[in-house]
Amino acid sequence: LQGCSSEGYQKQDRAYHLTAKGQSMSFSLQASQESPVVNPCFVIKNWGSSSKAALKINGKSSKPGKDFRQGIIRDTDGTQTLIIWIKTESTKPIKVALGPA
């Protein structure tokens, strides 16, 4: 983990919960044959002032569309939570990097 902290996978949300510590972050998902990654979702608290995110998976940029969806929830105290969904499947570890678009 770089630039964020993790509260882990939350079954009730079917999402990984993270807290941003800056404008950019990166992390890995440890996928395997026994525990594959399938269409992961991320809930990222304290997302900065940028409302859009740029995504890289294993160093390759992904553009928002049918395979990469994102949205912002603005809390009453002014903080933003970024929600990311990625259409991908892997049985090998993947590296995810997020930053302002």
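Scoring rules and cut-offs
Residues numbered from 1 in each chain as written. Predicted model: local features only at pLDDT ≥ 70, side-chain atom pairs only at ≥ 80, totals over all residues. Heavy atoms only, no water. Buried < 20%, exposed > 50% of the residue type's maximum accessible area, 1.4 Å probe, protein only. Helix = DSSP H or I, 4+ residues; strand = E, 2+ residues; numbered from the N terminus. Pairing = 2+ DSSP bridges. Salt bridge = Lys/Arg side-chain N within 4 Å of Asp/Glu carboxyl O. Core = buried A, V, L, I, M, F, W, Y, C linked by side-chain atoms within 4.5 Å. Contact = heavy atoms within 4.5 Å. Axes fitted to C-alpha atoms, helices over the stretch in contact; angles between N-to-C directions.

(A) Region of interest: the pairing of strand β9 (residues 80–86). Judged by how many residues are buried, β9 sits mostly within the fold: five of seven residues are covered. In terms of strand pairing, strand β5 (residues 41–47) meets β9 through five bridges, oriented antiparallel. Note on β9: the bridge partner recorded for W47 is Q80. Between strand β8 (residues 68–74) and β9, which pair antiparallel and follow one another directly, the connecting turn spans five residues, one of which, G78, has a positive phi of 95 degrees.

(B) Local environment of the pattern of salt bridges. The full count for this structure, using the stated rule, is one salt bridge. E7 serves as the salt-bridge partner of K45, at 4.0 Å between the closest nitrogen and oxygen. Placement of K45 in strand β5 and of E7 in strand β1 (residues 4–10) is noted, with a sequence separation of 38 residues between them. A relative accessible area of 38% places K45 in the partly exposed class.

(C) Expanded view of the nonpolar core. Counting 21 residues, the largest nonpolar core has M25, F27, F42, I44, I84 and L98 as the members making the most contacts within it. Contributing elements (two or more residues each) for this core: β2 (15–20), β3 (25–29), β5, β6 (53–57), β9 and β11 (94–100). Those residues within four positions of F27 in sequence are excluded, and the remaining contacts are L1, C4, L18, F42, I94, K95, V96 and L98.

(D) Up close: the sheet that holds β6. With antiparallel pairing, the four strands of this open sheet are ordered in space as β3-β11-β6-β7. Unpaired on one side and paired on the other, β3 and β7 (60–62) mark the two borders of the sheet. Sheet twist, expressed as the mean angle between neighbouring strand axes with direction ignored, is 25 degrees. Where β6 and β11 come together, five bridges link them in antiparallel fashion. Each bridged residue has a counterpart across the sheet, and for A54 the counterpart in β11 is G99.

(E) Fine view of the pairing of β8. Across seven bridges, the pairing between β8 and β9 is antiparallel. For I73, the partnering residue across the bridge sits in β9 and is T81.

(F) Examining the environment of Q2 more closely. Along the polypeptide, Q2 turns up in the segment before β1. For Q2, a relative accessible area of 56% corresponds to the exposed category. In this structure the C-alpha to C-alpha distance between Q2 and K21, which are 19 residues apart in sequence, comes to 8.7 Å. Aside from chain neighbours lying at most four places away, what touches Q2 is S24, M25 and S26.

(G) Expanded view of the sheet that holds β9. Ordered by their spatial adjacency, five strands build an open sheet running β1-β2-β5-β9-β8, and the pairing between neighbours is mixed. With one partner strand each, in any of the chains shown, β1 and β8 form the two edges of the open sheet. Within the sheet, the average angular offset between the axes of one strand and its neighbour, ignoring direction, is 20 degrees. Of the strand pairs in this sheet, β2 and β5 are connected by four bridges, and their pairing is parallel. Each bridged residue has a counterpart across the sheet, and for T19 the counterpart in β5 is K45.

In short, the description is geometric, and any link to function would need to be established separately.
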